[in-house]
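Each chain is listed here by its residues.
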Amino acid sequence: MILPLGLLFAGLAASAGPESGGGLTVLTHARDIRNLPPDEAKRSYPVHLHAIVTFVDAGPGELFVQDETAGIFVFEHESVSDAPLRAGQLVDLTGITTPGNFSPCITKAHLRVLGVGSLPKPKRLAFEELVSGKEDGQWFELEGVVRSGQTKAGRLLLNVATVGGSFVAVTPEFPPDWSQKWVDARVVMRGAL
């Protein structure tokens, strides 16, 4: 069974575009933002990306997007969009960089929905390689067995056992009979790490 779940778990880049009015280079690829050291990300580099929304949960303000180079977290509460956001939408995003918990992020974003796109092809790595946080925000596929779950603030938190450990999968959308369908089921989960 494949579950299209949203979120699994909770050197300066080369010049990526023209300089902004403040003299900082406009970063046009998620990889370039992610490669910023925290002190550089604090400088609020301007950002302009074309990306696919991979996960959105307005309650806690979680938004992930991914372009052809990488996935990245966007602070949704500090951002505005011209339409309601859903996974799979292609967006034109402008904003600024900011440090994050695992890697630099985007804040104060303006998102313009351009249409529907395709979710990225999911990466697969051994579980042990994923727990460092290095792959935060990337689109992944993990296989495991759902052991239990609970709903909290309108979201479903599933405890999933996998080879090498266990993880929590979070999704804002789920069927009312999720426990009968998913507990003890072997699943493949795709989502933003």
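In case you missed it, the structure is sitting above this.
Reference entry: report on the structure contained in this document. Since the model is a prediction, treat every value here as computed from it, not as a measurement. (Residues numbered from 1 in each chain as written. Predicted model: local features only at pLDDT ≥ 70, side-chain atom pairs only at ≥ 80, totals over all residues. Heavy atoms only, no water.)

As a further point, take the environment of Ser81. Along the chain, Ser81 falls in strand E6 (residues 80-81). Remark: the alpha-carbon pair of Ser81 and His110, spanning 29 residues in sequence, is separated by 5.8 Å. Discounting residues that sit within four places of it in the chain, Ser81 has contacts with Leu111 and Val113. Engagement of the side chain of Ser81 in a polar contact is seen with the backbone oxygen of Ala83, the distance being 2.7 Å. (Helix = DSSP H or I, 4+ residues; strand = E, 2+ residues; numbered from the N terminus. Contact = heavy atoms within 4.5 Å. Polar contact = N/O pair within 3.5 Å; in protein donor to acceptor, adjacent residues only side chain to side chain.)

A word on the pattern of salt bridges. For the coordinates displayed, the defined rule picks out 12 salt bridges. A salt bridge links Lys123 to Glu135, with the nearest nitrogen and oxygen atoms 3.1 Å apart. One end of the pair, Lys123, is in the loop between strand E8 (105-116) and helix H3 (127-130); the other, Glu135, is in the loop between H3 and strand E9 (139-152), and 12 residues separate them in sequence. Glu135 sits in the buried class, given a relative accessible area of 12%. Two residues, Arg124 and Glu143, come together in a salt bridge whose shortest N-O distance is 3.7 Å. With a gap of 19 residues between them, Arg124 in the loop between E8 and H3 and Glu143 in strand E9 connect regions that are remote in the sequence. Glu143 sits in the partly exposed class, given a relative accessible area of 32%. It is possible to trace a salt-bridge network through shared partners that takes in Arg124, Glu141, Glu143, Arg186 and Arg190. (Salt bridge = Lys/Arg side-chain N within 4 Å of Asp/Glu carboxyl O. Buried < 20%, exposed > 50% of the residue type's maximum accessible area, 1.4 Å probe, protein only.)

Looking now at unusual backbone geometry. The backbone of Ser44 shows a phi angle near 60°, a positive value even though the residue is not glycine. Take Ser44: it is sitting in the loop between helix H2 (38-41) and strand E3 (46-57). Judged by relative accessible area, which is 30%, Ser44 ranks as partly exposed. Its identity is not glycine, yet Lys108 carries a phi of approximately 50°, on the positive side. The topology assignment puts Lys108 in strand E8. Judged by its relative accessible area of 51%, Lys108 falls in the exposed class.

Read these as spatial facts, not as claims about activity.
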